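# Analysis of the macromolecular model
Listed here are the chains, written in short residue letters.
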Amino acid sequence: MLEKFYLTSNWKLKLGNEYSVSTPKEIKREEWINAEVPGTVHTDLLKNKLIDEPFYSNNEIKLSWIAESDWIYKTVFDSPFELHNSLPIKLVFEGLDTISKIFLNGTCIGETKNMFLKYEFDVSNLLMRKKNKLEVHFKSPVKYSKEEENRYGKLQVALESHRVYIRKAQYSFGWDWGPSFPTIGIWRDVYLEKENKVVINDFRFNTVDIKDDFAVLEIIFNVKKNIKETITGKINLSYRNSIIEKIVETVDGENRIRLEIEKPLLWMPNGYGNQHLYNLEIQIIDESNKVINSISKKVGIRTIELQLKENGKDTFRFIVNGKRIFAKGVNWIPADAFLPRVTEDKYRKILLYAKDANMNFIRVWGGGIYENDIFYELCDELGLLVWQDFMFACGAYPEHEEFIDNVKEEIYYNVKRLQYHPSIAIWCGNNENEWIWYQQQKISYRLMPGYKIYSKIIPEILSELDPHRPYWESSPFGFDGDPNSQSSGNRHQWDIWSRWIDYNEVVHDNSLFVTEFGFQGPANKITFEKYIPKQERKIHSEVFEFHNKQIEGPERVTRFLSAHLPLSTKWDEYIYLAQLNQGLALKTCLEYWRFNQPQTNGSIIWQINDTWPVTSWSLIDSELKPKLAYYFVKNSFAPVIIRLNYQTCLRTNENELKIIGLNQTSQKFSGYVELLTLDSKTGEILNKKKFNAEIPKESKLVIKLIEKKFNSTNILIATLFDKKGNKIYRTHFCFKEWKHLKLPKAKINLKLINNNNEQALIITTNKAAFFVDVIADNAIFSNRGMILLPREKCELKIEPKRNKRIKLDDIEVYSLNQFLSD
């Protein structure tokens, strides 16, 4: 087997020969400090107490010198392997960020110019038994990219134009939701690796076809032989006690094998079936029948199709194993400004939030990174389809030979690394490049620098490496000249929010598939108070506004908040109200698009996560605390929901109320709807009606049509119950904007229930209470933003922080009533 020796200890760091003029005096040029690998220069400086917390206040401004300087890492190690062996010993860097030269025992063994590549160097002839000296010299990414821009010319690029000249995570130069921290460092594992007699370089797995309960599979693996003898490949595909085995003669280079399997257990997206994963093992066996190398991976059997036409009309729909999928998802950005801090636990928590919110799609956005292996393994496990962008975003890109060669190597490496995952639904060339070019230049995107990367280079590589998975040139993209057209392809809906259009206008949207849309809300109060000084906790403070990176972002939050809800300038009240407005906006849009099927076949929210504490479009803040909007999304994405559609009927000139049901599941839904009419001033129930709700599987229908006049100060509340009386979904309709209503004072009571090591919170209210929110520093609640009826009992599960019980005094309670009561 391959032997690995990880080089994770005894690393040191210091400034390089060239450094920023603004470098603080306390940073001694010749002084080595302790460093962590994997890690970054920023986080090492922080751990050595040489800089303040980068996320605190506006410290970002003070730290630009770090990325404008060169840096050197070094370590000394003894060789763990016998030297002068016939088999090579390689030095492997799984990720270097980004422009570097590597020296071993005084000899330069190579250079790197791509953050997204693994680099391997044969060091057999340079290693010594003791005290090997390894140094990595990093050049400033800012200086490098600016030098390249000066050399080749400025391109049309959003934000920092020089960023496109370096193959590095583009968001690190700053985005409209994130700070500018262009990182430097050994950001993934580094190790020595002793080659075996045979090396399995890479492998791919394809579901070629599924028909009549029979699957045809293809396994491709590349080997490198360091021996002359004949070798054999043994392929095991197993699920629990069922094993399929195939033995084949194996050649040096590419090997292709077909397997046929009866009654395969299929991998399905979350909400559409189970995520069956098979164990695939490839063993290499020598002439003495000894296993000399092997790899083992989990794979899923599934087919995926991107449907673009139906009955002669344009559509945009994913079909998995023959089943139509409505995409309910989120965009994913890197989960920290400093990538080595994104642990497996952090990945798992955020992705579990997505699954628990009834999502089935994650879009890995093109300004970030090709995520770590564990990200895709978790998506496989959780049933989250991945829309995988290649790492190009919001700009024209260079096309000179050196850059193109670098990109080709990047595409080959990452497609080979990720191709076998059943969760990856589609490869996409870039994020918004064609659309931005078209908007600004008013000429064909085919003239855009970099266009051949997405139209020629990437699809040619994919036709070789991954022909069974869809490819899409850009997001957004279509066939009508305008890449962001509603009539073909997919769309980014940024008229709402970014172009100052309110979320109620979503009813005029007829997108086929929405890959980006969103609405801003602040991070949770508890998160902000960790990073914003007490004297700056005002909605108009410079530091608070600094923690919103969109141009006119703070103004938009206030403008759209004032359209629907009361305004408060008190710190905690503003955060509650702004988060509530984000939740109402997402609920409005998501439910409109879900009920607009089959015209619309997917809605992917911008975005699930944050890189730092900020007012942004995220559902989960940087401290992994769900915002209020998360719970609105979770409910709106529920498998069975209802909607109140109120309009004037032209036939009768009467007001018409439709109660519409939507059932995403594969089973018929049987239950009932309870429709209440509430007096907004008193909170009393004026009218209660009950209607049967029988919704066929995978369909929508009108449960009840009501034609009558309603008092405009009343509030309608509809609750869907199953036939056992369990509450499935609750929605509301308000005839006026909330800000124009009077709500009753509601006395909200809290009671903690302790049961062994678990806690629950019971909430009751004497009057109807709207959008009740509970927060605590040391706990996360299973629901927030509920509408509670008089004397109704609501029980919430509590996820404690560090397994500590909470007390009633720890909990803060908010509701819309407190702002609209006399």
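## Things to note about the overall build of the protein
Within the protein one finds 14 helices and 46 strands. Relative to the compact-globule value of 28 Å for 822 residues, the protein shows a C-alpha radius of gyration of 28 Å, a close match. Judged by the C-alpha coordinates and their principal axes, the protein covers about 90 × 70 × 65 Å. Residues counted as buried form 60% of the 822 residues belonging to the protein. In the protein, 113 side chains carry a positive charge and 107 a negative one; their mean positions are 5 Å apart.

## A closer look at the side chain of D610
Relative to the assigned elements, D610 resides in the loop between β32 (602-605) and α13 (628-636). K627 provides the closest opposite charge to the buried, unpaired D610, separated from it by 4.7 Å. Engagement of the side chain of D610 in a polar contact is seen with the side chain of Q607, the distance being 3.3 Å. One polar contact links D610 to S616, side chain to side chain, over a distance of 2.8 Å. In contact with D610, not counting residues within four places along its chain, are I333, P334, A335, S616, S618, I620, D621 and S622.

## Regarding the packing of aromatic side chains
Aromatic ring pairs are described here by two measures, namely the spacing of the ring centres and the angle between the planes. Under the defined criterion, the tally for this structure stands at 66 aromatic pairs. Ring geometry for Y646 versus F733: centroids 5.1 Å apart, planes at 40°, classification tilted. Taken together, the residues span a long stretch of sequence, with Y646 in strand β33 (residues 640-648) and F733 in strand β39 (residues 727-734) at a distance of 87 residues. Here a set of aromatic residues connected by ring pairs shows up, and it is made of F316, F318, F361, W387, Y445, Y451, W472, F477, F479 and F513. Of note, K549 hangs over the ring of F546, and the distance from its end group to the ring centre comes to 3.7 Å. For the cation-ring pair, K690 lies above Y672, with the distance from its terminal atom to the ring centre recorded as 4.3 Å.

## Quick word on the pairing of strand β42 (residues 769-776)
With respect to burial, β42 is a largely interior element, eight of its eight residues being buried. Where β42 meets strand β44 (residues 786-788), two bridges bridge the pair, whose relative direction is antiparallel. Residue pairing for β44: A769 is matched across the bridge by L788.

## Here's the deal with helix α6 (residues 401-418)
The end-to-end C-alpha distance of α6, which contains 18 residues, comes to 26 Å, matching closely the 26 Å that a straight helix rising 1.5 Å per residue would cover. All of the buried residues in α6 are F403, I404, N406, V407, E410, I411, N414, V415, R417 and L418. Seen end-on, α6 carries its buried residues on one side only, within an arc spanning 160°. On the buried face of α6, the contacting elements are β8 (107-113), α5 (373-382), β28 (424-428) and α8 (451-465).

## Structural notes on empty space enclosed by the protein
A complete count under the given rule lists three cavities of 30 Å³ or more for this structure. Computed from the structure, the largest cavity encloses a volume of approximately 180 Å³. Forming the walls of the largest cavity are 19 residues, and the residues nearest its centre are N524, I526, V774, I775 and R784. Broken down by secondary-structure element, the contributors of at least two residues to the lining of the largest cavity are α9 (525-531), α12 (571-595), β42 and β43 (779-781). Class assignment for the residues of the lining of the largest cavity results in 12 nonpolar, two polar and five charged. Considering only enclosed or pocket space, the second largest cavity measures out at about 70 Å³ in volume. L675, T677, N687, K689, I706, K708 and F710 together form the lining of the second largest cavity. Residue assignment for the lining of the second largest cavity shows that the elements contributing at least two residues are β35 (669-679) and β36 (685-695). Residue composition of the lining of the second largest cavity, grouped by class: three nonpolar, two polar and two charged.

## Things to note about the side chain of K587
Tracing the chain through its elements places K587 in helix α12. Residue classification places K587 among the buried residues on the basis of a relative accessible area of 10%. Setting aside anything within four residues of it in sequence, one finds K587 in contact with F632, S636, Y729, T731 and H732.

## Describing the nonpolar core
In this structure, F770 and L816 are the most contacted members of the largest nonpolar core, which totals 153 residues. If one sorts the elements of this core by residue count, α12 sits on top with 14 residues.

## Observations concerning the sheet that holds strand β38 (residues 714-722)
If you walk across this open sheet you meet the four strands as β36-β35-β38-β39, and the pairing is antiparallel. Because the sheet does not close on itself, it has two edges, and the strands there are β36 and β39. Across this sheet, the average inter-strand angle for adjacent strands is 20°, counted without regard to direction. Across 10 bridges, β35 lies against β36 in antiparallel orientation.

## Observations concerning the pairing of β8
Bridge count between strand β7 (residues 99-104) and β8: six bridges; the pairing is antiparallel. The residue of β8 that forms the bridge with F103 is C108. The antiparallel hairpin formed by β7 and β8 contains two residues in its connecting segment, where N105 sits at a positive phi of about 50°.

## Here's the deal with the pattern of salt bridges
Evaluated as defined, the whole model comprises 49 salt bridges. The shortest N-O distance in the salt bridge between E195 and K224 comes to 3.2 Å. Of this pair, E195 sits in the loop between β14 (190-194) and β15 (198-210) while K224 sits in strand β16 (residues 214-225), placing them 29 residues apart in sequence. Take E195: its relative accessible area is 4%, and that puts it in the buried class. For R784, the salt bridge goes to D773, with nearest N and O atoms at 2.5 Å. One end of the pair, R784, is in the loop between β43 and β44; the other, D773, is in strand β42, and 11 residues separate them in sequence.

## Some details on the sheet that holds strand β23 (residues 313-320)
The three strands lie next to each other as β22-β23-β24, forming an open sheet whose pairing is antiparallel. Edge strands, defined here as strands with exactly one partner in the open sheet, are β22 (304-310) and β24 (323-325). Along the sheet, successive strands turn relative to each other by an average axial angle of 45°, direction set aside. Bridge count between β22 and β23: six bridges; the pairing is antiparallel.

## Overview of a negative patch on the surface
Taken together, the side chains of E542, E545, E552 and E555 define an acidic patch exposed on the protein surface. In this fold, E542 is placed in helix α10 (residues 542-546).

## Some thoughts on the environment of K90
Here K90 is to be found in strand β5 (residues 89-93). Between the C-alpha atoms of K90 and E195, which are 105 residues apart in sequence, the distance is 7.4 Å. If sequence neighbours within four positions are ignored, K90 has contacts with E120, F121, D122, V123, Y191, L192, E193 and E195. Separated by 3.1 Å, the side chains of K90 and E120 make a polar contact.

## Observations concerning the layout of surface pockets
Each pocket or cavity is described by its volume, and for the largest pocket that value is around 1300 Å³. Forming the boundary of the largest pocket are 40 residues, of which E94, K118, Y191, D373 and Y413 lie nearest the centre. Elements represented by at least two residues in the lining of the largest pocket include exactly β9 (119-122), β14, β15, β21 (291-299), α4 (344-356), α5 and α6.

## Topic: the packing of α6 against α8
Helix-helix packing is characterised by the crossing angle of the two axes and by the distance between the axes. The contact between α6 and α8 brings their axes to 10 Å, and the two run at 40°. Crossing handedness for the pair α6 and α8: right-handed. Side by side, α6 and α8 meet where F403, I404, V407, K408, I411, Y412, V415 and K416 of the first sit next to K452, I453, I457, I458, I461, L462, E464 and L465 of the second. Here the contact of α6 with α8 is composed, by residue class, of 12 nonpolar, no polar and four charged.

Procedures and definitions
- Residues numbered from 1 in each chain as written.
- Predicted model: local features only at pLDDT ≥ 70, side-chain atom pairs only at ≥ 80, totals over all residues.
- Heavy atoms only, no water.
- Helix = DSSP H or I, 4+ residues; strand = E, 2+ residues; numbered from the N terminus.
- Rg over C-alpha atoms; globule rule 2.2 N^0.38 Å.
- Buried < 20%, exposed > 50% of the residue type's maximum accessible area, 1.4 Å probe, protein only.
- Lys, Arg positive; Asp, Glu negative; His and termini not counted.
- Charge placed at Lys NZ, Arg CZ, Asp CG, Glu CD.
- Salt bridge = Lys/Arg side-chain N within 4 Å of Asp/Glu carboxyl O.
- Polar contact = N/O pair within 3.5 Å; in protein donor to acceptor, adjacent residues only side chain to side chain.
- Contact = heavy atoms within 4.5 Å.
- Phe/Tyr/Trp six-rings, centres within 6.5 Å; stacked < 30°, edge-to-face > 60°.
- Lys NZ or Arg CZ within 6 Å of the ring centre and 35° of its normal.
- Pairing = 2+ DSSP bridges.
- Expected span 1.5 Å × (residues − 1).
- Arc of directions from axis to C-beta.
- 1 Å grid on protein atoms, 1.4 Å probe; cavity = no way out; pocket = protein on both sides within 12 Å on 5 of 7 lines; lining within 4 Å.
- Points joined across faces, edges and corners; volume = space filled by probe spheres on them.
- Nonpolar A, V, L, I, M, F, W, Y, C, P; charged D, E, K, R; others polar.
- Core = buried A, V, L, I, M, F, W, Y, C linked by side-chain atoms within 4.5 Å.
- Axes fitted to C-alpha atoms, helices over the stretch in contact; angles between N-to-C directions.
- Patch = residues over 30% accessible without salt bridge, like charges linked within 9 Å, V, L, I, M, F, W, Y side chains within 5 Å.
- Areas by Shrake-Rupley, 256 points an atom, 1.4 Å probe, with all protein chains shown as cover.
- Left-handed = near helix turned anticlockwise from the far one by under 90°.

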